[in-house]
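Spelled out from the first residue to the last, the chains are:
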Amino acid sequence: MERIVLPEIQSLDQIEVYLANGGFDAAKKAFAQTPDSLIDQVKKSGLRGRGGAAFSAGLKWSFMPKTTDLPKYLCINGDESEPGSFKDRQIFEYNPFQLIEGAIITCYAIGAKTAYLYIRGEYHMWIKLMQKAVDTAYEKGFLGGKMKEVFGTEFFCNLYIHKGAGAYICGEESSLMNSIEGYRGYPRIKPPFPAQKGLWGCPTTINNVETITNIPPIISKGWEWFSKIGAPKHPGTILYGLSGHVNKPGVYELPTGILLTDLIYNVAGGVPGNKKIKCVIPGGSSMPPLRGDQLEGVRMDADSLKEVGSAIGTAGVMVMDEDTNLLDVLIRIAKFYHHESCGQCTPCREGTGWMEKTLKRIKNGLGTSKDLDLLCDVANHIEGNTICALGDAAAWPVKFMITRFRDEFEKYVNSDVVISVPNKVHAMRNTAVPLSDLKK
Amino acid sequence: MEFKFTEENLARINEVRKKYPTSLAAVMPVVYIAQDQNGFISSEVMTEIASVLGIDKVNVLSVVTFYTMYHTKQMGKYHVQVCTNVSCMLRGAYDIWDQVKNKLGIQNMEVSSDGTFSLEEVECMGACGYAPMIAVNEDYYENLTKEKVEEILDSLK
């Protein structure tokens with residue numbers, strides 16, 4: 001199988017090697033065509049965003065207004081803070097020039113003169129590697145004013161790296177733009193969508209690093225070639241990140257639509273100690289988890305995973321073996337979202353905290369099975385009631401973990417726990433009553 | 001305590017400033033430069049950033065208090081960050097966390113009395129396939145065992 005995003009070529013991060021392997025040929029080919037034709041090719045290729053929502057990349061580009069006096073911008077999202085996801089750093093490290101080439105083609109197609117590459121702050125080393133590649137590209141005239149001479153076109157663009165500072169929420173597109181503008185990473189209400197009002201109120205397209213890196217091969221080899229790889233409705237390859245209880249964790253580039261069981265048992269070498277799988281989160285911590293006995297026949301593409309009640313997300317597959325304590329896992333996930341909630345919307349700000357506290361109560365042996373219903377109820381009230389998708393991301397793991405593993409969670413709760421109920425005589429007081437008495 | 005940017009850093013700020021159409025947008029990189037120079041962001045540092053960029057101090061404050069990688073107090077010479085998120089946790093990150101805590105004798109977000117070490121329990125660092133991991137200042141240490149952690153911490157003096 002041919003790899004598109006991370007080809008098996010030694011030292012591809014050196015410009016000479018990249019050029020010797022057809023580097024920047026796609027850009028040359030692209031500049032000989034009209035922007036509209038490029039957008040059309042990407043649309044036909046069926047490339048879908050790799051950042052989580054799996055939205056058609058070409059369609060997103062076509063939303064950019066054709067006639068406007070405002071400058072247009074491209075944002076490339078390399079925030080990559082989703083637990084379980086660690087794919088973009090491989091691109092920064094092993095194939096930075098393909099990302100840069102993808103960025104200039106995208107800029108040309110949407111008519112942007114400036115691109116911002118947002119990389120999470122913790123990736124100090126990868127920011128340095130990427131900055132080195134960008135500097136080399138400027139030197140050789142693949143970026144900036146010198147592009148006119150190198151490519152013989154009127155078009156030129158700039159690429160700047162913006163370093164994040166440790167906020168998960170900045171992976172959300174509108175808060176990423178607020179972050180670049182120098183504000184707190186607060187998501188914005190949509191509409192207006194970025195294509196109408198993005199960076200500094202100007203039309204902006206925002207794509208994931210992996211999506212952009214897919215562009216040069218699509219242009220050079222043609223959309224027909226790309227659309228035949230992997231699942232028909234979600235073509236191409238994906239960087240699968242396998243972590244947790246597998247023998248060979250890591251990032252693997254494989255076509256979409258491969259069997260999840262193949263991925264775990266053949267690619268990642270199975271579960272240590274040949275243990276059974278209790279739970280798999282197929283797309284990073286915010287996606288609904290699947291039961292170990294649900295995995296047969298599940299394919300890794302957006303539509304197939306949707307059918308079984310999960311989502312592809314960032315394809316960060318977390319595997320948990322039969323000895324995993326799911327309550328601990330869920331507490332950790334809830335803690336994460338509580339920590340990362342930006343605090344704008346009440347349901348998310350308060351709800352994530354309540355879920356963490358309620359789960360900790362269960363952990364301390366004071367939970368009742370009513371608490372499990374309460375958790376689902378809180379999750380339902382967060383979902384869909386917030387500005388951005390972090391609310392949904394916080395609600396789904398809790399809701400689906402508890403409904404799909406109810407048998408497991410019932411073991412952690414105590415049916416005979418003493419809970420406090422309002423005292424009928426003194427309305428302001430609470431009295432501790434055993435639950436069993438209440439049932440009578 | 002008075003804070004002024006060095007000439008060299010003022011030149012860096014000028015370079016950064018060119019990347020953005022507004023000076024407010026340069027606030028995040030400039031806070032990083034200030035943190036490089038001063039070690040942490042105090043009120044005086046924020047005043048200086050605001051005056052250099054020509055923006056309101058409250059804009060600096062709002063950014064500094066939102067993002068976790070900006071520190072408003074002096075951290076240790078070695079800032080040890082332990083990831084305990086799910087992928088790391090499944091591979092024993094809490095054992096590593098306890099080990100580091102005991103070895104350094106400090107709790108989350110505390111600084112050792114001699115100022116050498118500080119400790120932070122961090123969220124996912126993007127090293128899930130190489131778990132468990134710790135980061136010391138800017139460097140990642142991955143695929144850890146207890147012995148390796150012992151070795152790394154002993155090498156930091």
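Residues numbered from 1 in each chain as written. Chains lettered and ligands numbered in written order. Predicted model: local features only at pLDDT ≥ 70, side-chain atom pairs only at ≥ 80, totals over all residues. Heavy atoms only, no water.

Details of the packing of helix H1 (residues 7-17) of chain B against helix H2 (residues 27-38) of chain B
Residues and elements named next belong to chain B.
Then, in step 1: The interhelical angle for the contact between H1 and H2, taken along N-to-C directions, is 165°, at an axis separation of 10 Å. For the element pair H1 / H2, the angle class is roughly antiparallel. Seen from above, H1 lies across H2 with right-handed handedness. Note on element contacts: H2 touches H1 through Pro29, Val30, Ile33, Asp36 and Gln37, opposite Asn9, Arg12, Ile13 and Val16.
Then, in step 2: Classifying every residue of the contact of H1 with H2 gives 5 nonpolar, 2 polar and 2 charged. (Axes fitted to C-alpha atoms, helices over the stretch in contact; angles between N-to-C directions. Helix = DSSP H or I, 4+ residues; strand = E, 2+ residues; numbered from the N terminus. Parallel < 35°, antiparallel > 145°, perpendicular 65-115°, else oblique. Left-handed = near helix turned anticlockwise from the far one by under 90°. Contact = heavy atoms within 4.5 Å. Nonpolar A, V, L, I, M, F, W, Y, C, P; charged D, E, K, R; others polar.)

Examining the interface of chain A and chain B
Then, in step 1: With 57 residues of chain A in contact, the opposing surface of chain B contributes 41 residues.
Then, in step 2: Carbon and sulfur atoms make up 58% of the area that chain A and chain B hide from each other, which totals about 3,900 Å².
Then, in step 3: Per-residue buried area on chain A facing chain B is highest for Ala165(A), Arg184(A) and Arg332(A); these three make up 18% of the total on that side.
Then, in step 4: The tally of links between chain A and chain B comes to 4 salt bridges.
Then, in step 5: Of the charged contacts in the structure, one is a salt bridge between Glu121(B) and Lys335(A), with a shortest N-O distance of 3.1 Å.
Then, in step 6: At the surface where chain A touches chain B, the tally comes to 29 residue pairs in polar contact (both at pLDDT 80 or more).
Then, in step 7: Contributing elements (two or more residues each) for the side of chain A that touches chain B: helix H5 (88-94), strand S2 (114-119), helix H7 (124-140), strand S3 (158-163), helix H9 (173-181), strand S7 (237-244), strand S11 (316-321) and helix H15 (326-340) of chain A.
Then, in step 8: In terms of residues, the side of chain A that touches chain B owes the most to one element, H15(A), which gives 8 residues.
Then, in step 9: Broken down by class, the residue content of the side of chain A that touches chain B amounts to 27 nonpolar, 18 polar and 12 charged. (Buried area = accessible area lost by both parts, 1.4 Å probe. Salt bridge = Lys/Arg side-chain N within 4 Å of Asp/Glu carboxyl O. Polar contact = N/O pair within 3.5 Å; in protein donor to acceptor, adjacent residues only side chain to side chain.)

Observations regarding the domain arrangement of chain B
Then, in step 1: According to the domain assignment, chain B consists of domain 1 (7-66) and domain 2 (78-155).
Then, in step 2: A separation of 29 Å is found between the C-alpha centroids of domain 1 of chain B and domain 2 of chain B. (Domains from an automatic or database assignment.)

What about the sheet that holds strand S1 (residues 78-83) of chain B?
Residues and elements named next belong to chain B.
Then, in step 1: Strand order in the open sheet formed by 4 strands is S2-S1-S3-S4, and the pairing between neighbours is mixed. Of all the strands in the sheet, just strand S2 (117-122) and strand S4 (139-141) have a single pairing partner and so form its edges. Shown here is a sheet whose adjacent strand axes are inclined to one another by a mean of 25°, direction ignored.
Then, in step 2: Here S1 pairs with S2 via 6 bridges, running parallel. When the bridges of S2 are listed, histidine 79 appears paired with serine 118. (Pairing = 2+ DSSP bridges.)

Some words on the environment of Glu147(B)
Then, in step 1: Locating Glu147(B) in the fold gives a position in helix H7 (residues 146-155).
Then, in step 2: When the C-alpha atoms of Glu147(B) and Ala26(B) are compared, they prove to be 42 Å apart, with 121 residues separating the residues in sequence.

Examining the pattern of salt bridges
Then, in step 1: Counted according to the given criterion, the structure contains 32 salt bridges over all chains.
Then, in step 2: The closest approach of N and O atoms between Glu210(A) and Lys87(A), which form a salt bridge, is 3.1 Å. Taken as a pair, Glu210(A) in helix H10 (residues 209-213) and Lys87(A) in the loop between strand S1 (73-78) and H5 lie far apart in primary sequence, 123 residues in all.
Then, in step 3: The exposure class assigned to Glu210(A) is buried, which follows from its relative accessible area of 1%.
Then, in step 4: A salt bridge links Glu150(B) to Lys103(B); its shortest N-O distance comes to 3.0 Å. In this pair, Glu150(B) is assigned in helix H7 and Lys103(B) in helix H6 (residues 93-104), connecting sequence segments 47 residues apart.
Then, in step 5: Look at Glu150(B) and you get partly exposed, because its relative accessible area is 31%.
Then, in step 6: Taking relative accessible area as the criterion, Lys103(B) reaches 35% and is therefore assigned partly exposed. (Buried < 20%, exposed > 50% of the residue type's maximum accessible area, 1.4 Å probe, protein only.)

Focus: the side chain of Glu356(A)
Residue and element names in this part refer to chain A.
Then, in step 1: Checked against the element boundaries, glutamate 356 lands in helix H16 (residues 346-363).
Then, in step 2: We classify glutamate 356 as buried; its relative accessible area is 8%.
Then, in step 3: A distance of 2.6 Å separates polar atoms of two side chains, one belonging to glutamate 356 and the other to histidine 338.
Then, in step 4: Dropping the residues within four chain positions of it, glutamate 356 is found in contact with Ala334, Lys335 and His338.

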